[in-house]
Amino acid sequence: MKKRSSALLMVTLSAVLLSACSTGQGTATNDNGNTAAGGVTTIEFWAAPNPTQQAYWQEMAKAYQATNDKVKINVSAIKESPTSEASIQSAIAAKSAPTMSENINRGFAAQLSDSQALVPLDTLAGFSDVISSRSMTKTIEPWKFADGHQYVLPIYSNAMLFGWRLDTLKELGYDAPPKTYSEVLEVTKKLKAKYGDKKYLWAKPDLADPTAWKRWFDFYMLYDAASGGNKFIEGNSFTGDEKAGTEVLTFVDNLRKEKGILARQVTDPFENGTGIFTDVGPWTFTTWAQKYPNLKYNDTYTLSMPPVPDGIDPAQSKTFADTKGLVIYASATKAQQQAAVDFIKWVYSDAANDAKWFKETNLPPARDDLSTNEAFKPILDASPQLKPYAENVPNAVPPMDNAKYNDLQTIIGVEAFNKVVKGQIAPADGWAAMKAALEKALK
Amino acid sequence: MEQRNNKLGWLFTSPYLIYSVIFFFIPLIWTFFLSVTDWNLIKPTFNFVGISNFKEALQSPNVHAAFWNTYRFMLIFVPLVTALAVGVAVLVHGLHRFKGLFLIGFFLPYLSSGVVSALIVKGLLSYTSPINTALRGIGINVDWLGTPFTALFIVGLILAWKFTGYYALIITSGLESIDKEVYEAAAIDGVKDGQRFWRITLPLLYPSLYTTLILAFGVTFGIFTEVYQLTGGGPGNATNTWQMEIFKQAFSNLQSGYASAVALLASIATFISIYIIRKLLEVWGKRNGWV
């Protein structure tokens, strides 16, 4: 009796404690599993964890629901505990994944699709209509995964550009940024001759940091330009262009030899003028407007595509696409998946919705006609610094679609890029070591 | 009566027991299970892989680095924080007024966010910061976070700054519990001022020191925020820690099975190390006749 009452007490208290731990999220999803009474399909949409994007999707959902009373869309922000990727992983594991979510990069999508957690979007009725009505046939092409399917609908695509301190370039006798490696080296020599250790060409602590995603904003930008957009890793194969890769590493090594690189902790080096060359994404401009109002486009700074090796036409330069998109989860019911596609189709059937996105977020919509469609003209006229991003959306190469992308990109840094930056390995040896390590990891 | 007391005992201990079952015991069993699978928590199916996750972890240079770095942090952090905490406690103990106020002041860093302190240090160590600019002016040009030893030292220093106040609080309570008559008796017996600390204070402080030392050694097995924010485990693997490695594998690489194996190895390393350290501290105390 004593044992029984103690056990009963334990069970009761456990139940109370566990119910207190519940978020209710799972319940909501279970309710959504079926089309509810009255034929209304409820879909859960997880937006990026920032107020602007969340507000945009809430507005879109509200507008769509006004035209379709058979769908209810619950928009909420992805929790970042500890990261948005981890939250999605936990939600899938706990069987409380949403119907769809945005803010998914291609590498994470590869991890999810590898785990059969995503629906191949091209298998859903109406998806091809989204591509044609949004005018994104060319932009979405490199997004195709190695298995031939499209798992992500890119929402925005930042063709990453390099920023140049135009004020310093002018002091050195240049009116425009250099476009080839030898031109950049010439600028570096003049810069060091004039400023010594007060200014560097490329001042950025990330250059010596092996964290996987940091390679997107240095190695990949240069490599995409040098290789004409070679995929580097395709599926489970290393397909890197050795000539282009070695040229990139040699270029970085030459910059180091000229003392043009500062890979140490330094606060806002480009903004403060310690560095005169850095990767710049369009999200930067809002911060600059508030924190560094002295930075004016085509006055104190300018933007350009990555420099290319000598002998390559700079006009053909490619770059890395910092791009994120939308996915639909395999755990959603067929009705929810179809309702999700119909919602996306409605949103992207009108360029005005993309224009609204562009205006509110500064993130260029992933479409082929961004620089030609009249809907975007007022935005680009008001913010001319966004024009080069719009023009280069089709020249931007998305990240690899390998589920091991974190490991693989860490190898690029550890075996080659970081070491070359620090002068610890010769470029050709770095490339060879990196290639061997990547091939081993891909097995 | 005994039966009633028994029930009451269960009632009062049940919140902690339930908490432990839910947040320690079940996750521990779950970790054991995950560590022998290749599951990433997302895949609909998974395979039992036996001890291959453990074999892979034991051969991983990242895990080797995490293992050794823990002891490197120990060598920097434990002596530093102990010396600072004892120093602060002795100074505060000697005060006649505002003792509590000073102790609260020193305790505040313990409550501060590791993220914030790491970001402040990042700013202080920036290439263009006044400190570094002044140092370069006299010919000292140090890449603080890009050099293995200085990166380790900086992280150790932040941790020492954070924990000094907390440990000083424990040591102060130890100092407060030493009867003044002991010092008076010692003075009559001819103990000089310089000998007081080593001959009287330190032996009587042993229980408090033992607690703070065990806590300090334990901290080095759980370092994460400062390293994550400041160095990301670099340069190379110079500041990689167990927690960093588990985080990277579980949440960046989505290798839950492998991360669980690393977590279990970390637990084993922690348990054995703390056990040995505890025994050594006990031997130290016994040898000196403090316990």
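The preceding data block contains the structure.
As the structure is a computational prediction, the values presented were derived from the model and not from experiment. (Residues numbered from 1 in each chain as written. Chains lettered and ligands numbered in written order. Predicted model: local features only at pLDDT ≥ 70, side-chain atom pairs only at ≥ 80, totals over all residues. Heavy atoms only, no water.)

Visitor: Explain the overall build of chain B here, please?
Guide: When you go through chain B residue by residue, the secondary structure sums to twelve helices and zero strands. Secondary structure elements in chain B, listed N-terminal to C-terminal, are α-α-α-α-α-α-α-α-α-α-α-α. Along the longest, intermediate and shortest principal axes, the C-alpha atoms of chain B span 80 × 75 × 35 Å. For chain B, the share of sequence-separated contacts (at least 6 apart) that also reach a separation of at least 24 residues comes to 67%. For chain B, the exposed surface amounts to about 15700 Å²; the carbon and sulfur share of it is 69%. Averaging the coordinates of the 19 positive side-chain charges in chain B and doing the same for the 13 negative ones gives two points 4 Å apart. (Helix = DSSP H or I, 4+ residues; strand = E, 2+ residues; numbered from the N terminus. Contact = heavy atoms within 4.5 Å. Areas by Shrake-Rupley, 256 points an atom, 1.4 Å probe, with all protein chains shown as cover. Lys, Arg positive; Asp, Glu negative; His and termini not counted. Charge placed at Lys NZ, Arg CZ, Asp CG, Glu CD.)

Visitor: When you look at the interface of chain B and chain A in this model, what are you seeing that I'm missing?
Guide: Interface extent is often summarised as the accessible area lost during association of the parts. Facing 37 residues of chain B, the contacting portion of chain A comprises 35 residues. When chain B packs against chain A, close to 3100 Å² is buried across both sides, 61% of that on carbon and sulfur atoms. Across the chain B-chain A interface, the total number found is one salt bridge. Here Arg264 of chain A makes a salt bridge to Asp143 of chain B, at a shortest N to O gap of 3.7 Å. At the boundary of chain B with chain A, the tally comes to twelve residue pairs in polar contact (both at pLDDT 80 or more). Looking at the side of chain B that touches chain A, the elements that each hand over two or more residues are helix 1 (2-35), helix 5 (114-124), helix 6 (130-137) and helix 11 (242-252) of chain B. Sort the elements by how many residues they give to the side of chain B that touches chain A and helix 1 of chain B lands first, with eleven residues. When the residues that make up the side of chain B that touches chain A are grouped by side-chain class, the tally is 19 nonpolar, 13 polar and five charged. (Buried area = accessible area lost by both parts, 1.4 Å probe. Salt bridge = Lys/Arg side-chain N within 4 Å of Asp/Glu carboxyl O. Polar contact = N/O pair within 3.5 Å; in protein donor to acceptor, adjacent residues only side chain to side chain. Nonpolar A, V, L, I, M, F, W, Y, C, P; charged D, E, K, R; others polar.)

Visitor: How should I be thinking about the packing of aromatic side chains in this particular structure?
Guide: Two measures describe an aromatic ring pair: the distance that separates the ring centres and the angle between the ring planes. Residue and element names in this part refer to chain A. Here the structure, examined in full by the defined rule, presents 69 aromatic pairs over all chains. Ring centres of Tyr223 and Phe232 lie 5.1 Å apart, and the angle between their planes is 75°; this geometry places the pair in the edge-to-face category. Assessed through its relative accessible area of 0%, Tyr223 is described here as buried. Here Trp288 and Tyr301 contribute two aromatic rings whose centre-to-centre distance is 4.9 Å and whose plane-to-plane angle is 75°, an arrangement assigned as edge-to-face. (Phe/Tyr/Trp six-rings, centres within 6.5 Å; stacked < 30°, edge-to-face > 60°. Buried < 20%, exposed > 50% of the residue type's maximum accessible area, 1.4 Å probe, protein only.)

Visitor: Explain the sheet that holds strand 11 (residues 301-304) of chain A here, please?
Guide: Hydrogen bonding along the main chain pairs the strands of a sheet, whether they run parallel or antiparallel. Residues and elements named next belong to chain A. Spatially, 10-5-11 is the arrangement adopted by the three strands of the open sheet, whose pairing is antiparallel. Every other strand in the sheet has two partners, leaving strand 10 (277-280) and strand 11 as the edge strands with one partner each. On average, each strand axis in the sheet is tilted by 35° relative to the strand beside it, whichever way the strands run. (Pairing = 2+ DSSP bridges. Axes fitted to C-alpha atoms, helices over the stretch in contact; angles between N-to-C directions.)

Visitor: What's the story with unusual backbone geometry in this structure? I'm lost.
Guide: Residues apart from glycine generally show negative phi values, whereas peptide bonds are mostly found in trans. In this model, Gly234 of chain B is joined to Pro235 of chain B through a cis peptide bond whose omega is 0°. Positive phi outside glycine occurs at Asn298 of chain A, with the angle close to 60°. By the element assignment, Asn298 of chain A lies in the loop between helix 13 (284-291) and strand 11. Non-glycine residue Leu41 of chain B carries a positive phi angle of around 75°. By relative accessible area, which is 18% here, Leu41 of chain B ends up buried.

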